[in-house]
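Summary of the model geometry
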Amino acid sequence: MFRRAEAGDSEATIVFVPHRLRGLPPGTRYWGPEPVRASALDRIPSALPENPMVEQNENAWGWARTVNAVEYLMRRSDARADIFPQDEPRGVIDGPTPDRILVIGEGTAVGLGVLTFELAVAAHFARRHAAVTGRGVEWAALEVPGFRLTNAVSTIDSAESALRDVDVVVIMLGITDTLLLTSRRRWREGMSATLDALLERIPAEATVLVADVSPMEKVVSISRAGRAAGGRHARALNAINRELLESRARCLRVPFPPEFLHQLWRPAGEQTRWSQLYAAWATSMTGALDRR
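Described in the following lines is the structure provided in the data block. (Residues numbered from 1 in each chain as written. Predicted model: local features only at pLDDT ≥ 70, side-chain atom pairs only at ≥ 80, totals over all residues. Heavy atoms only, no water.)

Concerning the overall build of the chain
When you go through the chain residue by residue, the secondary structure sums to nine helices and eight strands. Buried positions account for 51% of the 292 residues belonging to the chain. Here the analysis covers contacts within the chain between residues at least 6 apart in sequence; of these, 74% occur between residues at least 24 apart. (Helix = DSSP H or I, 4+ residues; strand = E, 2+ residues; numbered from the N terminus. Buried < 20%, exposed > 50% of the residue type's maximum accessible area, 1.4 Å probe, protein only. Contact = heavy atoms within 4.5 Å.)

Following this line, the structure appears as structure tokens:
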């Protein structure tokens, strides 16, 4: 069994060690492709400043990048156990004058943790929307390669024909960029370009919903230091999103489901838990549309 390293662990502890790396010398903690020495872990700050200008603190920001880069390597290794749907990422709910919904984004947009798209967020949102409006829904989900914002515009370009007739587009991105500590400047530029690309392609009456970046401080599959750095950065990216959305008509924020805000999250392999989260996201999305 693998166990996460914490700053208080003894130097004899070896963690996250695959079979091929067992027998490393005492004091080595394995988090990714290369061993990380315990002495380095002890120098990582437990938290970053709340100031949005934290980038001015080069030392703290450099350590945050180091922590989260290591966390990302660990998460990608751990992600080999992730499950995704194997069926088609689209569906239809019968009803009059159907609305068309497209969900674009990272793992949470394309069914991470469930075996069928009927349990993923797009289908949950479609069912909720149909129940509220009394209309039918045609829904689809589209993955952004690498789960990175930098690839969103090219994904939108590839979906241009589908976007011509869409009624609601949902963007769900930010977890991978949070773990990699994508700079605020790049996030602002990337999200601005993404929103503008969508607004240029969708009908004049269509709506863009942007989901909050998940609160990474609640994800227990990453270490305490990683949660602290990731949580603060996620809040910073969400603040940028809110600013950009306020300046663009037809673009709305979708808050993270409040019922999950105060829970620690260890969902690996729990399909029911993932589906419950997606259902809660769907309720938040429907609420955002109701507030237009």
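Some thoughts on the packing of aromatic side chains
For any pair of aromatic rings, geometry is given as the distance between the ring centres together with the angle between the planes. According to the stated counting rule, one finds three aromatic pairs in the structure shown. Here Phe84 and Phe147 contribute two aromatic rings whose centre-to-centre distance is 6.4 Å and whose plane-to-plane angle is 45°, an arrangement assigned as tilted. Here Phe147 lies in the loop between strand S5 (137-143) and helix H4 (152-158) and Phe84 lies in the loop between helix H2 (58-78) and strand S3 (90-93), a separation of 63 residues in the sequence. Overall, the relative accessible area of 26% leaves Phe84 in the partly exposed class. (Phe/Tyr/Trp six-rings, centres within 6.5 Å; stacked < 30°, edge-to-face > 60°.)

Focus: unusual backbone geometry
Of note in this structure, Phe147 is not a glycine but carries a positive phi near 55°. Assessed through its relative accessible area of 15%, Phe147 is described here as buried. Phi at Leu181 is positive, roughly 50°, even though this residue is not glycine. Along the chain, Leu181 falls in the loop between helix H6 (175-179) and helix H7 (184-201). On the accessibility criterion, Leu181 (0% relative accessible area) is buried.

A look at empty space enclosed by the protein
This model, assessed by the stated rule, comprises two cavities of 30 Å³ or more. Together, Glu106, Thr108, Met172, Leu173, Ile175, Ala211, Asp212, Val213, Ser214 and Trp281 line the largest cavity. Looking at the lining of the largest cavity, its residues break down into six nonpolar, two polar and two charged. (1 Å grid on protein atoms, 1.4 Å probe; cavity = no way out; pocket = protein on both sides within 12 Å on 5 of 7 lines; lining within 4 Å. Points joined across faces, edges and corners; volume = space filled by probe spheres on them. Nonpolar A, V, L, I, M, F, W, Y, C, P; charged D, E, K, R; others polar.)

Quick word on the side chain of Asp212
Turning to its location among the elements, Asp212 is positioned in the loop between strand S7 (207-211) and helix H8 (224-246). At 3.3 Å, the side chain of Asp212 and the backbone nitrogen of Phe256 are in polar contact. Setting aside residues no more than four positions away along its own chain, Asp212 makes contact with Asn238, Arg253, Val254, Pro255, Phe256 and Trp281. (Polar contact = N/O pair within 3.5 Å; in protein donor to acceptor, adjacent residues only side chain to side chain.)

Details of helix H3 (residues 121-133)
In a regular helix each residue adds 1.5 Å, so 13 residues correspond to 18 Å; H3 covers 18 Å between its end C-alpha atoms and thus fits that length. Every buried residue of H3 is accounted for by Val121, Ala122, Ala123, His124, Phe125, Ala126, His129 and Ala130. (Expected span 1.5 Å × (residues − 1).)

A closer look at the pairing of strand S4 (residues 99-105)
In terms of residue burial, S4 counts as a mostly covered element, since six of its seven residues are buried. Bridge count between S4 and S5: seven bridges; the pairing is parallel. In the strand pairing of S5, Ile104 is matched with Leu142. As judged from the five bridges shared by S4 and strand S6 (residues 168-172), these two strands associate in the parallel manner. Of the residues in S6, the one forming a bridge with Ile101 is Val168. (Pairing = 2+ DSSP bridges.)

A few points about the nonpolar core
Grouped together as the largest cluster of nonpolar side chains are 35 residues, with contacts concentrated most on Phe125, Met172, Leu209, Trp281 and Met285. Elements represented by at least two residues in this core include exactly S4, H3, S5, S6, S7 and helix H9 (271-290). Looking at which element gives the most residues to this core, the answer is H9, with nine residues. Every residue in contact with Met285, bar those within four places of it in the chain, is listed here: Val121, Phe125, Val170, Met172, Leu209 and Val254. Formed by 31 residues, the second largest nonpolar core is a distinct cluster that contains Ile156, Leu173, Met191 and Ala206. (Core = buried A, V, L, I, M, F, W, Y, C linked by side-chain atoms within 4.5 Å.)

Topic: the layout of surface pockets
In this model, the second largest pocket occupies a volume close to 280 Å³. Taken together, 15 residues line the second largest pocket, and the ones lying closest to its centre are Arg90, Leu102, Trp139, Ala140 and Ala162. Listing elements by their share of the lining of the second largest pocket, those giving two or more residues are S3, S4 and S5. Tallied by class, residues from the lining of the second largest pocket come to 11 nonpolar, one polar and three charged.

What about the sheet that holds S6?
The pairing of strands in a sheet happens through backbone hydrogen bonds and is either parallel or antiparallel. One open sheet accounts for six strands, arranged S3-S5-S4-S6-S7-S8; its pairing is mixed. What marks the edges here is a single partner per strand, and that holds for S3 and strand S8 (251-254). Geometrically, the sheet is characterised by an average inter-axis angle of 20° between neighbouring strands, direction not taken into account. Alignment of S6 against S7, held across four bridges, turns out to be parallel. If you follow Val170 over to S7, its bridge partner there is Leu209. Relative to the sheet, H8 contacts S7 and S8, its axis offset from that of S8 by approximately 150°. (Axes fitted to C-alpha atoms, helices over the stretch in contact; angles between N-to-C directions.)

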